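As a plain string of letters, each chain reads:
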Amino acid sequence: MLAMEFLVRGATQFGEPGVFMMFEENPQELAANARSLGFDLDELTAQKKLILDHVAIERSEIEETGEYDLEGLFIRLGYAIDSIGAKRMVLDTVEALFAGLPNHAVLRAELRRLFRWIKDRGMTAIITGEKGEGTAITRYGLEEYVADCVITLDHRITEQISTRRLRVMKYRGSVHGTNEYPFIISPHGLSVLPITSLQLDHKASTERVPTGVPQLDQMLGGKGVYRGSSVLITGSPGTGKSSLSAKFAETASRRGERTLLFAYEESPAQLLRNMRSIGVDLAPWVSKGLLQIHASRPTVHGLEQHLVMMHDTVTAFSPSVVVVDPISNLTLTRTETDVKPTLMRLIDFLKHRQITSIFTGLTTGASAADAPEDSQLGVSSLMDTWLLLRNVEINGERNRTIYVLKSRGMPHSNQVREFVLSDAGIHLVDVYLGSDRVLTGTARVSQAAAERAAAELLMQDHERKLRQLGAKRKAIEAQIAALQAEGEAEEAEVRFAIAQDSVQTRTVQEGAAAMAHLRGGNGKGSPKARR
């Protein structure tokens, strides 16, 4: 199938016709198999872009002659190549070509001759072969030495999960990756993700995108998270991880951005129903094509197949936001050492495409008394923002809290907020922060009511004291007024006495003056008396 796609892609995308010479399947069987990948070999054959040639090799005939010569094959291949101007060719499989040939010396000589003939014709060829016994790469042990490039395909079963892997063992004249790469066979052909070739050279956007919860945005510097960053939401069961991630997806869709949601616990219908109960309606955005929900069980595919499937889906849909809920379910059949590299590759891939990613994960701690300071998968160090949700049990009830453990590149709150889910949506409220405790739920409400009552009593006591002070001030002012009145009265009496004395003095003086005048002045008698 890899060889067939090599020819089809060359003919349809690069203008290089090809020849497929098979020794086991016939053209009808090959064309039927290719339809499962969306390839129409009959149409390509009609357009002279592809030639399918079946060579039936009978083992008995080879044994009867006792001689082996590939000259007839070369003539047949040469005619097919020249008839359409082929640039590519496939021989499938080399074991069938040399079946029944006991003389290994002749076999090796003819193999070298075959590879030399292909090079002399300037053809790019894929020759398929079966794996040898034990650790041998090929059956005859010569193909890998003669060929310029050797690719091994492996299909393994680990804990009842199948995984296909590809490895480039050698490639002359080229720097290539030597690790194993997962690949899948999809309706669009083979998909291979070169996961280990990603480098830490992705761009860092300064644009901020809201989370959909205004109070949470305030905790994240007032503007939300950076576009293209990775956000981890962890918590114990029932803390609201899926609800918060769904709100983020709805907010992105409301902005007109495409969003992908990979769900590993709920079906799309169940997810839509459950989110609608908290005021998060995802159905309109699914109908408009802005939101795609892909739900599956982690046991359906291996980790690598999940990664390749995500890669292909992201490439086809080109989203701005990707939500994976939850990543902890991927550990059901795998160890942390298997899952962490897979997630690392996925995170790097999304960052290279500047896609904001939301991952939810399960933590082992169930209450605030525990300290789940790391996610179950140990990938918190790969994340740019980490939100931790917790259940707080007090006074016979359970309440949710949220706080920001880290958020790279921005100032963020270090306060614990209460996380409330209701039919009106998601809200964050301030918790009661006492000297030695944190209260949420009804305990917070009761404490707040008690504090309001205490504040009311204190206010009333202040008002009573103010009234008493006012009354005392008025009494003092009345006393002052009385004293002032008394002083004014005494002042009036004194002034009256002074005025009376002044009148009496003036009267005496005037009387004396009048008497003196009558007596002739100055008190010496009148003028008549002196005569």
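Residues numbered from 1 in each chain as written. Predicted model: local features only at pLDDT ≥ 70, side-chain atom pairs only at ≥ 80, totals over all residues. Heavy atoms only, no water.

K.L.:
What is the right way to read the overall build of the protein chain from this model?
P.N.:
Broken down by element type, the protein chain carries 16 helices and 21 strands. Going through the 531 residues of the protein chain one by one, you find that 41% of them count as buried. Taking the contacts inside the protein chain whose residues are at least 6 apart along the sequence as the reference set, 67% of them involve residues at least 24 apart. Here the protein chain has roughly 28700 Å² of accessible surface; of this, 53% comes from carbon and sulfur atoms. (Helix = DSSP H or I, 4+ residues; strand = E, 2+ residues; numbered from the N terminus. Buried < 20%, exposed > 50% of the residue type's maximum accessible area, 1.4 Å probe, protein only. Contact = heavy atoms within 4.5 Å. Areas by Shrake-Rupley, 256 points an atom, 1.4 Å probe, with all protein chains shown as cover.)

K.L.:
Help me out: how do you make sense of the sheet that holds strand 18 (residues 417-422) in this one?
P.N.:
One key point about sheets: their strands pair by backbone hydrogen bonds, in either a parallel or an antiparallel sense. Strand order in the open sheet formed by 9 strands is 13-12-14-15-11-16-17-18-19, and the pairing between neighbours is mixed. For this open sheet the edge positions go to strand 13 (291-295) and strand 19 (425-430), each flanked by a neighbour on one side alone. Pairwise comparison of adjacent strand axes, ignoring direction, gives a mean angle of 20° for this sheet. Looking at chain direction, strand 12 (residues 259-263) and strand 13 are connected through 5 bridges and run parallel. Among the inter-strand pairings, threonine 259 is bridged to a residue of strand 13, identified as leucine 291. Across the face of the sheet, helix 10 (residues 241-254) comes into contact with strand 11 (230-235), strand 12, strand 13, strand 14 (321-325), strand 15 (356-362), strand 16 (385-394), strand 17 (397-407), strand 18 and strand 19 while running at roughly 170° to strand 15. (Pairing = 2+ DSSP bridges. Axes fitted to C-alpha atoms, helices over the stretch in contact; angles between N-to-C directions.)

K.L.:
I tried to follow the packing of aromatic side chains on my own but got confused; where do I start?
P.N.:
The relation between two aromatic rings is expressed through the spacing of the ring centres and the mutual angle of the planes. Per the counting criterion, the structure on display carries 1 aromatic pair. Considering the side-chain rings of phenylalanine 74 and tryptophan 117, the 5.1 Å spacing of their centres and the 5° angle between planes classify their relative orientation as stacked. Placement of phenylalanine 74 in helix 5 (residues 71-84) and of tryptophan 117 in helix 7 (residues 104-120) is noted, with a sequence separation of 43 residues between them. With respect to class, phenylalanine 74 is no different from tryptophan 117; both count as buried. Its end group placed over the ring of tyrosine 226, arginine 208 keeps NZ or CZ at 4.9 Å from the ring centre. (Phe/Tyr/Trp six-rings, centres within 6.5 Å; stacked < 30°, edge-to-face > 60°. Lys NZ or Arg CZ within 6 Å of the ring centre and 35° of its normal.)

K.L.:
Sorry, what's going on with the pattern of salt bridges here?
P.N.:
When the charged atoms of two side chains lie near each other, side chains of opposite charge can form a pair. Under the counting rule described, the total for this entry stands at 22 salt bridges. Across the pair glutamate 16 and arginine 88 runs a salt bridge, and its minimum N-O distance is 2.7 Å. Within this pair, whereas glutamate 16 is found in the loop between helix 1 (2-13) and strand 1 (18-22), its partner arginine 88 is found in strand 3 (residues 88-92), the two being separated by 72 residues in sequence. On the accessibility criterion, glutamate 16 (26% relative accessible area) is partly exposed. Accessibility expressed as a relative area gives 11% for arginine 88, which makes it buried. Glutamate 491 is paired through a salt bridge with arginine 495; the nearest N and O atoms lie 2.9 Å apart. With glutamate 491 and arginine 495 both in helix 15 (residues 441-518) and 4 residues apart, the pair spans about one turn of that helix. Here glutamate 491 falls in the partly exposed class, since its relative accessible area comes to 37%. Each of Asp154, Arg156, Arg165 and Glu180 takes part in one network of salt bridges that share partners. (Salt bridge = Lys/Arg side-chain N within 4 Å of Asp/Glu carboxyl O.)

K.L.:
Is there a simple way to explain unusual backbone geometry in this structure?
P.N.:
Peptide bonds are mostly trans, and most non-glycine residues show a negative phi. Cis geometry marks the peptide bond from aspartate 92 to threonine 93, where omega comes out at 0°. As for its position among the elements, threonine 93 is in the loop between strand 3 and helix 6 (94-97). The residue after aspartate 325, namely proline 326, is reached through a cis peptide bond having omega -15°. With respect to the helices and strands, proline 326 occurs in the loop between strand 14 and helix 14 (336-352).

K.L.:
Would you mind going over the sheet that holds strand 3 with me for this structure?
P.N.:
Taking strand neighbours across the sheet as the criterion, the 4 strands line up as 2-1-3-4 in an open arrangement whose pairing is parallel. Since the sheet does not close on itself, it has two edges, and those belong to strand 2 (50-54) and strand 4 (124-127), each with one partner. Each strand of the sheet is rotated relative to its neighbour by a mean of 10°, with strand direction disregarded. Looking at chain direction, strand 1 and strand 2 are connected through 5 bridges and run parallel. Considered in strand 2, the bridge of methionine 21 is made with aspartate 53. Lying on the sheet, helix 1 is in contact with strand 1, strand 2, strand 3 and strand 4; it crosses strand 3 at an angle near 160°.

K.L.:
Can you help me understand the side chain of serine 245 in this one?
P.N.:
Residue placement: serine 245 occurs in helix 10. Look at serine 245 and you get buried, because its relative accessible area is 2%. Those residues within four positions of serine 245 in sequence are excluded, and the remaining contacts are Ile233, Val323, Asp325, Ile358 and Thr360.

K.L.:
It is not clear to me how the nonpolar core should be interpreted in this structure. Could you clarify?
P.N.:
Taken as a class, soluble globular proteins show a tendency for nonpolar side chains to be buried jointly. Counting 36 residues, the largest nonpolar core has Leu216, Leu244 and Leu261 as the members making the most contacts within it. Take this core: its biggest share by element is 5 residues, from helix 10. Once residues within four sequence positions are removed from consideration, leucine 261 is found in contact with Ala249, Leu271, Leu291, Gln292, Ile293, His294 and Val323. Judged by nonpolar contacts, the second largest core, of 29 residues, contains Ala80, Met89, Ile118 and Ala147. (Core = buried A, V, L, I, M, F, W, Y, C linked by side-chain atoms within 4.5 Å.)

K.L.:
Is there a simple way to think about the pairing of strand 1 in this case?
P.N.:
Working note: regular strand, side chains alternate between the two faces of the sheet. For strand 1, a buried count of 5 out of 5 residues is recorded, marking the element as mostly surrounded by other parts of the structure. Here strand 1 shows two buried faces, one formed by Gly18, Phe20 and Met22 and the other by Val19 and Met21.

K.L.:
Hey, could you run me through the confidence of the model for the protein chain in this one?
P.N.:
Any segment with low pLDDT has predicted coordinates that should not be analysed in fine detail. Of the residues in the protein chain, 83% have a pLDDT of 70 or more, and the chain-wide mean is 82. Per-residue pLDDT stays below 50 along residues 366-371; that stretch engages in 9 contacts with residues further than four places along the chain or on separate chains. With pLDDT under 50 throughout, residues 523-531 is counted as low confidence; its partners more than four residues away or in other chains account for 9 contacts. (pLDDT = per-residue confidence, 0-100.)

K.L.:
What should I look at first to understand helix 1 in this one?
P.N.:
Taking 1.5 Å as the rise per residue, helix 1 with 12 residues should run 16 Å; its terminal C-alpha atoms sit 16 Å apart, in good agreement. Along helix 1, the residues that are buried comprise Ala3, Met4, Glu5, Phe6, Leu7, Val8, Gly10 and Ala11. Phi turns positive, to about 65°, at glycine 15, one or two residues after helix 1. (Expected span 1.5 Å × (residues − 1).)

K.L.:
Can you help me understand the environment of glycine 224 in this one?
P.N.:
Structurally, glycine 224 is set in the loop between helix 9 (214-219) and strand 10 (225-226). Glycine 224 sits 15 residues away from valine 209 along the chain, and the two C-alpha atoms are 5.4 Å apart.

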